[in-house]
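Here are the chains, one letter per residue:
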Amino acid sequence: QTAGRERNYRTLLGRGDAALRDGDTFGAIEAFSGAVALHPDSMLAHYRRGESYRQRGELEAAARDFRTA
């Protein structure tokens with residue numbers, strides 16, 4: 001179960017990164033949010049979601065994730 005959770009977490013990070021590269025900030029936020037749900041203490045997932053929010057111009061949400069990261 002733990003291995004599957006870790007695999008899903010890494011898959012979601014990869015999807016988020018790909019979405020962000022493609023300019024799909026909504027998809028990136030969705031993927032990174034899934035990664036955060038699996039690992040709430042993940043600095044990387046919060047940081048990348050913050051970057052996605054920043055690119056969308058959602059600065060309050062970005063700041064919240066950056067503070068958490």
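Source: prediction; values computed, not measured. (Residues numbered from 1 in each chain as written. Predicted model: local features only at pLDDT ≥ 70, side-chain atom pairs only at ≥ 80, totals over all residues. Heavy atoms only, no water.)

Running from N to C, helix α3 (residues 43-56) and helix α4 (residues 59-68) cross one another at 165°; their axes reach a closest spacing of 8 Å. Overall, the two elements α3 and α4 adopt an arrangement that is roughly antiparallel. The interaxial crossing formed by α3 with α4 has left-handed handedness. Contacts between α3 and α4 involve H46, Y47, R49, G50, E51, Y53 and R54 from the first element and L59, A61, A62, D65, F66 and T68 from the second. Within the contact of α3 with α4, the residues separate by chemical class into six nonpolar, three polar and four charged. (Axes fitted to C-alpha atoms, helices over the stretch in contact; angles between N-to-C directions. Helix = DSSP H or I, 4+ residues; strand = E, 2+ residues; numbered from the N terminus. Parallel < 35°, antiparallel > 145°, perpendicular 65-115°, else oblique. Left-handed = near helix turned anticlockwise from the far one by under 90°. Contact = heavy atoms within 4.5 Å. Nonpolar A, V, L, I, M, F, W, Y, C, P; charged D, E, K, R; others polar.)

The next thing to look at is the pattern of salt bridges. Summed over all chains, the structure comprises five salt bridges. Where E6 meets R10, a salt bridge forms, and the shortest distance between an N and an O atom there is 3.1 Å. Taken together, the positions of E6 and R10, both in helix α1 (residues 2-21) and four residues apart, correspond to about one turn of that helix. A salt bridge links E51 to R54; the shortest N-O distance between them is 2.8 Å. In this pair, E51 and R54 both sit in helix α3, three residues apart, roughly one turn of the helix. Since its relative accessible area comes to 18%, E51 is described here as buried. (Salt bridge = Lys/Arg side-chain N within 4 Å of Asp/Glu carboxyl O. Buried < 20%, exposed > 50% of the residue type's maximum accessible area, 1.4 Å probe, protein only.)

Our focus in this paragraph is α3. If you check α3, its first and last C-alpha atoms are 20 Å apart, about what 14 residues at 1.5 Å a residue would give, namely 20 Å. Along α3, the residues classified as buried are A45, H46, R49, G50, E51, S52 and Y53. Of the surrounding secondary structure, the elements contacted by the buried residues of α3 are α1, α2 (25-38) and α4. Just downstream of α3, G57 is the residue with a positive phi angle, here 85°. (Expected span 1.5 Å × (residues − 1).)

Within the secondary structure, T2 sits in helix α1. With 51 residues separating them along the chain, T2 and Y53 place their C-alpha atoms 29 Å apart.

Summarising the element assignment, S52 is placed in helix α3. Residue S52 is classed as buried on the basis of its relative accessible area, which comes to 0%. Residues contacting S52, with those up to four places away along its chain left out, are L20, T25, A28, I29 and F32.

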